[in-house]
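Okay, here's what each chain looks like letter by letter:
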Amino acid sequence: MTKLLEIKDLLIRFYSKYEKFIFPVVKFAVALALLTVINTNIGFMQKISTVPAALVLSLICAVLPVNAILWIGALVVLADMYALSVEVAVATLILFAILFFIYFRFAPKNGLTVILTPICFKLNIPYVMPVGCSLLRSAYSVIGVICGTVVFYFLDGIHRNAATLTSTAEDAQSLSRFDISVGQFLGNKEMYLVILIFVVTAVVVYCVRRLEVDNAWTIAIFSGILIQIAGLFVGYLVMGITGKMLWLVIGNIISLFLSFVLQFLFMNLDYARTERVQFEDDEYYYYVKAVPKKMVAVREVTVKHFGNTASMGKRIDHSRRKLTQEEEENSRKVIAKELDIDEDLLK
């Protein structure tokens with residue numbers, strides 16, 4: 001555990017020092033992952049569904065705010081939908097307009113949440129999103145998870161019905177492409193089930209992790225994972241979905257591990273050293289519970305300089321392996337004076 005704490009402290013120091021360089025790299029990686037998911041699933045417009053185009057757009061996203069990734073991703077999706085069908089592009093535009101209104105109205109600072117949710121769906125670990133967001137952010141962050149979930153199921157439905165939507169047959173009794181694209185989305189009962197379970201999970205995790213009890217984050221994580229496994233398992237059985245049971249369990253186990261990684265990085269507390277303090281002012285009496293974080297003590301060495309009391313207890317920089325020539329000469333002079341010997345004997 002001590003080694004892990006040292007690595008954590010090293011990572012925090014490294015990020016604090018190079019944050020202005022690391023965050024653009026993170027945005028580039030996230031944007032590239034999002035565009036790769038889009039191109040491999042609905043890359044109907046060949047001109048923009050290429051690796052060079054994804055790299056260029058990701059570089060643009062790296063120097064822009066996080067919400068720019070949402071706008072660029074939405075434009076790429078609309079271009080792909082237009083290449084598939086004008087009616088599908090109109091349906092996608094209406095859906096994106098509604099989602100953007102909800103997002104910017106209630107959760108405008110959770111852009112990464114919206115982006116990471118469909119990516120996690122493709123990796124079969126979407127269950128980490130409602131748990132992780134409720135641990136690190138406010139309850140409103142679940143709105144970003146909902147938006148990402150809706151986008152994933154809409155685009156997944158388009159991908160599954162691409163053959164029907166590209167059919168050129170004109171039948172007076174057949175549904176239009178617009179009706180098909182909207183119908184496959186609104187009639188997706190699995191999407192409603194997942195959204196409901198994600199909302200319940202997020203609310204429970206947020207409420208539990210704010211409780212004034214020991215190991216609140218640990219209890220919240222286990223509560224969220226168990227709710228998702230039980231809720232989705234029962235829901236899949238009722239709807240007759242059997243092919244996702246295995247990945248439901250595996251995905252939640254991986255999400256459990258990732259959630260504990262988040263806890264270690266952001267809320268690793270030492271409950272064995274909990275302190276309770278009481279104090280008062282003119283109007284109130286306060287009862288305070290203080291739980292220290294688990295940290296590695298920084299090793300420091302102090303030295304005493306002969307003949308220079310002003311520098312006693314001065315800290316030594318461990319990164320310096322060798323003294324300068326001027327410092328060596330000053331040290332020899334001070335030591336020779338204190339010992340009353342010739343300075344040349346110390347060379």
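Computed from a predicted model, the values in this text were never measured in an experiment. (Residues numbered from 1 in each chain as written. Predicted model: local features only at pLDDT ≥ 70, side-chain atom pairs only at ≥ 80, totals over all residues. Heavy atoms only, no water.)

S.K.: I keep staring at unusual backbone geometry and nothing clicks. Help me out?
M.R.: With the exception of glycine, the majority of residues adopt a negative phi angle, and the majority of peptide bonds are in the trans configuration. Its identity is not glycine, yet Asn124 carries a phi of approximately 65°, on the positive side. Mapped onto the elements, Asn124 comes out in the loop between helix H6 (111-122) and helix H7 (128-136). One non-glycine residue, Asn215, lies in positive phi territory at about 60°. Topologically, Asn215 is positioned in the loop between helix H11 (189-209) and helix H12 (216-239). For Asn215, a relative accessible area of 37% corresponds to the partly exposed category. (Helix = DSSP H or I, 4+ residues; strand = E, 2+ residues; numbered from the N terminus. Buried < 20%, exposed > 50% of the residue type's maximum accessible area, 1.4 Å probe, protein only.)

S.K.: Just to check I follow, could you spell out the side chain of Ser141 for this structure?
M.R.: Turning to its location among the elements, Ser141 is positioned in the loop between H7 and helix H8 (142-160). Polar contacts involving the side chain of Ser141 include one to the main-chain carbonyl oxygen of Ser138, which spans 2.7 Å. For Ser141, the residues in contact, after removing those within four places along its chain, are Asn110, Thr113, Cys133 and Ser134. (Polar contact = N/O pair within 3.5 Å; in protein donor to acceptor, adjacent residues only side chain to side chain. Contact = heavy atoms within 4.5 Å.)

S.K.: I tried to follow a nonpolar patch on the surface on my own but got confused; where do I start?
M.R.: Taken together, the side chains of Leu136, Ile254, Phe257, Leu258, Val261, Leu265 and Phe266 make up a nonpolar region of the molecular surface, amounting to roughly 590 Å² of accessible area. Among the elements that make up the nonpolar patch, the one with the highest residue count is helix H13 (residues 245-266) (six residues). With respect to the helices and strands, the residue Phe257 is situated in helix H13. Judged by relative accessible area, Phe257 falls into the exposed class, the value being 56%. (Patch = residues over 30% accessible without salt bridge, like charges linked within 9 Å, V, L, I, M, F, W, Y side chains within 5 Å. Areas by Shrake-Rupley, 256 points an atom, 1.4 Å probe, with all protein chains shown as cover. Salt bridge = Lys/Arg side-chain N within 4 Å of Asp/Glu carboxyl O.)

S.K.: Can you help me understand the pairing of strand S1 (residues 275-280) in this one?
M.R.: Remark: a regular strand shows side chains that alternate across the two faces of the sheet. Counted residue by residue, S1 has zero buried out of six residues, so it is predominantly exposed. In terms of strand pairing, S1 meets strand S2 (residues 285-290) through six bridges, oriented antiparallel. Paired with Gln278 across the bridge in S2 is Tyr287. (Pairing = 2+ DSSP bridges.)

S.K.: Would you mind going over the confidence of the model for the protein chain with me for this structure?
M.R.: Note: predicted coordinates in regions of low pLDDT should not be interpreted at a detailed level. For the protein chain, per-residue confidence averages 84 on the pLDDT scale, and 85% of positions sit at 70 or higher. When mean pLDDT is compared element by element in the protein chain, H11 scores highest at 95, while strand S4 (residues 314-315) scores lowest at 48. In this model, residues 168-174 is a region of pLDDT below 50 whose contacts with residues beyond four sequence positions or in other chains number one contact. Below pLDDT 50 for its whole length, residues 309-316 participates in 14 contacts with residues either more than four positions away or in separate chains. (pLDDT = per-residue confidence, 0-100.)

S.K.: Please explain the nonpolar core as it appears in this structure.
M.R.: Soluble globular proteins tend to bury their nonpolar side chains together. In terms of nonpolar packing, the biggest core is built from 60 residues, with Ile115, Leu232 and Tyr236 touching the most fellow members. No other element matches H8, which puts 10 residues into this core. Within the second largest apolar cluster, eight residues are counted, among which are Val205, Ala220, Ile221 and Ile225. (Core = buried A, V, L, I, M, F, W, Y, C linked by side-chain atoms within 4.5 Å.)

S.K.: How should I be thinking about H6 in this particular structure?
M.R.: For an α-helix, 3.6 residues make a turn, and residues three or four places apart therefore share a direction. Counting buried positions along H6 yields nine of 12 residues, so the element is predominantly enclosed. Gly111, Thr113, Val114, Ile115, Thr117, Pro118, Ile119, Cys120 and Phe121 are the residues of H6 that are buried. Where the residues of H6 are buried, they touch helix H2 (19-42), helix H4 (67-84), helix H5 (86-106), H7, H8 and H11. A positive phi of about 65° marks Asn124, the residue just after H6.

S.K.: Would you explain the layout of surface pockets in this entry?
M.R.: Empty space among the atoms becomes visible once a probe the size of a water molecule is rolled across them. In this structure, the largest pocket spans a volume of roughly 1,100 Å³. Around the largest pocket, the lining is made up of 25 residues, and of these Leu116, Leu136, Leu262, Leu265 and Phe266 lie nearest the centre. Going through the elements one at a time, helix H1 (2-17), H2, H6, H7 and H13 are the ones with two or more residues in the lining of the largest pocket. Grouping the amino acids of the lining of the largest pocket by side-chain chemistry returns 21 nonpolar, two polar and two charged. (1 Å grid on protein atoms, 1.4 Å probe; cavity = no way out; pocket = protein on both sides within 12 Å on 5 of 7 lines; lining within 4 Å. Points joined across faces, edges and corners; volume = space filled by probe spheres on them. Nonpolar A, V, L, I, M, F, W, Y, C, P; charged D, E, K, R; others polar.)

S.K.: How should the environment of Ile197 be read in this particular structure?
M.R.: Along the chain, Ile197 falls in helix H11. Residue class for Ile197 comes out buried when judged on its relative accessible area of 9%. C-alpha separation for the pair Ile197 and Gly231, spaced 34 residues apart in sequence, amounts to 6.4 Å. Ignoring any residue separated from it by four or fewer positions in sequence, one finds Ile197 in contact with Ile227, Gln228, Gly231 and Leu232.

S.K.: How should the packing of H8 against H11 be read in this particular structure?
M.R.: Interaxial distance between H8 and H11 falls to 10 Å at its minimum, and their mutual angle equals 165°. Between H8 and H11, the angle is such that the two are roughly antiparallel. Once H8 is placed against H11, the crossing between them reads as right-handed. Between H8, through Val142, Val145, Ile146, Thr149, Val150 and Tyr153, and H11, the contact on the second element is made entirely by Glu190, Met191, Val194, Ile195, Phe198, Val199 and Ala202. Each residue belonging to the contact of H8 with H11 can be placed in one class, and the counts come to 11 nonpolar, one polar and one charged. (Axes fitted to C-alpha atoms, helices over the stretch in contact; angles between N-to-C directions. Parallel < 35°, antiparallel > 145°, perpendicular 65-115°, else oblique. Left-handed = near helix turned anticlockwise from the far one by under 90°.)

S.K.: Hey, could you run me through the side chain of Asn110 in this one?
M.R.: Positionally, Asn110 belongs in the loop between H5 and H6. Every residue in contact with Asn110, bar those within four places of it in the chain, is listed here: Tyr103, Arg137 and Ser141.

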